[in-house]
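# Structural characterization, general
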Amino acid sequence: MNTRLRQDAIVRYLRRTGATTVADLAQEVGASRRTILRDLNSLRDEGFVIHSEPGRGGGLQLDPQSVQTTTRLSVAEVFALLISVASMRAAGGLPFSDLADQGLAKIERALPPEKLRDLRRFLDCLYVGQLAPQVDISDLGEMDADLLPAFEPAFLKQLRLQFSYCDAKGVVTQRHVEPQAMLILPPVWYLVAWDPARQDFRHFRMDRISAPECVEGTSFRRRHVPFKSDVRPLQPASA
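Definitions and limits used
All residue numbers refer to position in the chain's written sequence, counted from 1. A pLDDT threshold of at least 70 governs which residues receive local features in this predicted model, and a stricter bar of 80 or more applies before side-chain atom pairs are shown or counted, although totals over entire chains, interfaces and linings include all residues. Only hydrogens and water are set aside; all other atoms, that is, all heavy atoms of the structure, feed into the side-chain values. A simple rule labels every residue: compare its accessible area, found with a 1.4 Å probe on the protein chains alone, to the largest value its type can have, and call it buried under 20%, exposed over 50%, or partly exposed in between. Labels follow the DSSP assignment, with helices taken as runs of H or I lasting at least four residues and strands as runs of E lasting at least two, numbered in each case from the N terminus. Picture the helix axis, draw a direction to every C-beta atom, and the arc is the one those directions span. Helix axes use the C-alpha atoms of the stretch in contact, all axes being lines fitted to C-alpha atoms, and the angles between their N-to-C directions lie in the range 0 to 180 degrees. These descriptions rest on fixed angle ranges, namely under 35 degrees for roughly parallel, over 145 for roughly antiparallel, 65 to 115 for roughly perpendicular, and the rest for oblique. Each crossing gets its handedness from the near helix: less than a right angle anticlockwise from the far helix is left-handed, clockwise is right-handed. Residue contacts are counted whenever heavy atoms from the two residues lie within 4.5 Å of one another. Only Asp, Glu, Lys and Arg are considered charged in this grouping, and only Ala, Val, Leu, Ile, Met, Phe, Trp, Tyr, Cys and Pro are considered nonpolar; every other residue, Gly among them, is considered polar.

## Points about helix H6 (residues 113–123)
Inspection of H6 places Leu-119, Phe-122 and Leu-123 among the buried residues, and these make up the whole buried set. Taken end-on, H6 shows its buried residues confined to a sector of 95°, consistent with a single buried face. For H6, exposure combined with an orientation more than 90 degrees from the buried face picks out Pro-113 and Arg-117.

## Description of the packing of helix H1 (residues 3–17) against helix H2 (residues 22–29)
Where H1 meets H2, the axes come as close as 10 Å, and the angle between the chain directions of the two elements is 125°. Our classification of the angle between H1 and H2 gives oblique. Crossing hand, H1 versus H2: right-handed. Residues Arg-6, Ala-9, Ile-10, Tyr-13, Leu-14 and Arg-16 of H1 lie in contact with H2, whose contacting residues are Asp-24, Leu-25, Glu-28 and Val-29. A per-class count over the contact of H1 with H2 returns 6 nonpolar, no polar and 4 charged.

## As for the environment of Tyr-13
Assignment of secondary structure puts Tyr-13 in helix H1. Classification of Tyr-13 as buried rests on a relative accessible area of 15%. Taking the C-alpha atoms as reference, Tyr-13 lies 9.8 Å from Asp-24; in sequence the two are 11 residues apart. Not counting residues up to four positions away in its chain, the partners in contact with Tyr-13 are Thr-20, Asp-24, Leu-25 and Glu-28.

Right, dumping it as structure tokens:
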């Protein structure tokens, strides 16, 4: 369990039990006593009020009114929020867009500088346009939940991405590509990538991608993608 998931589990356990011990927390999340103490300090730094009682058991209690005061969202999570708002705006279906932009701007300002830099680099890969009316979207499906988390290192570290791809005829192939951009043509989303095997750009409908995985040690260079004239970079108003 990574640090963030473990700390989330600690907060949930404290809220559920009312009072517990360091030993019980260590057993609950499968970590050492030292790790739990370090996590508790981090949670306090983020705004959670956690009372501790002296003694062998190390009694702990979370203030029921305690709330988190610092942002713990990952780059991928903030990016998902931004592109959801921006893509809905592009499709003309976003009420209260000004309030949404204000809220997202506050989240961005709360990000540490290194995360904000990564977010900007992520957004630089995002483009939007209009879907041609003749494109058949009757089979449009849901996107793999693992796709965006895989995109984060693929785009930021420029690592090749491998995945299974099901084409319009239902034929599944294994692809190994260099991600260059994300293209939103509401309601369809595409991964635009350079395919080394074909020595050309390819557009992969994201709802047809499954089992995405970054390939470590496979860095590549960014390429200029020759988009059509009606496709433009998408920068949300909060950016």
